[in-house]
Amino acid sequence: MDYGWMSHALMWIVGLMSVCALVGAVGAMWSMGRSGYRKD
């Protein structure tokens with residue numbers, strides 16, 4: 001197994017993790033922003 005494939009797979013994993021983190025952060029901010037408007 002050559003190192004080119006391994007670095008390519010590692011880059012894909014890092015990219016997927018950063019996309020998931022970005023979506024999670026945006027979702028958390030949106031959820032906190034929405035909770036401020038509720039009058040329970």
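Scroll up a little and you will see the structure.
In this report, the structure presented in the accompanying data block is examined. What you see is a predicted model, and the numbers here were worked out from it, not measured in a lab.

1. Details of the overall build of the chain
No. 1: Counting its regular elements, the chain contains one helix and zero strands.
No. 2: Dimensions along the principal axes, computed over C-alpha positions, put the chain at roughly 60 × 10 × 5 Å.
No. 3: Residue burial in the chain is summarised as follows: out of 40 residues, 0% are buried.
No. 4: For the chain, the accessible area works out to roughly 4100 Å², and carbon and sulfur atoms hold 74% of it.

2. Focus on the environment of Leu 16
No. 1: Here Leu 16 lies in helix α1 (residues 3-35).
No. 2: For the pair Leu 16 and Ser 35, spaced 19 residues apart in sequence, the C-alpha separation works out to 28 Å.

The rules behind the values
- Residues numbered from 1 in each chain as written.
- Predicted model: local features only at pLDDT ≥ 70, side-chain atom pairs only at ≥ 80, totals over all residues.
- Heavy atoms only, no water.
- Helix = DSSP H or I, 4+ residues; strand = E, 2+ residues; numbered from the N terminus.
- Buried < 20%, exposed > 50% of the residue type's maximum accessible area, 1.4 Å probe, protein only.
- Areas by Shrake-Rupley, 256 points an atom, 1.4 Å probe, with all protein chains shown as cover.

That's the geometry; what it means functionally is another story.
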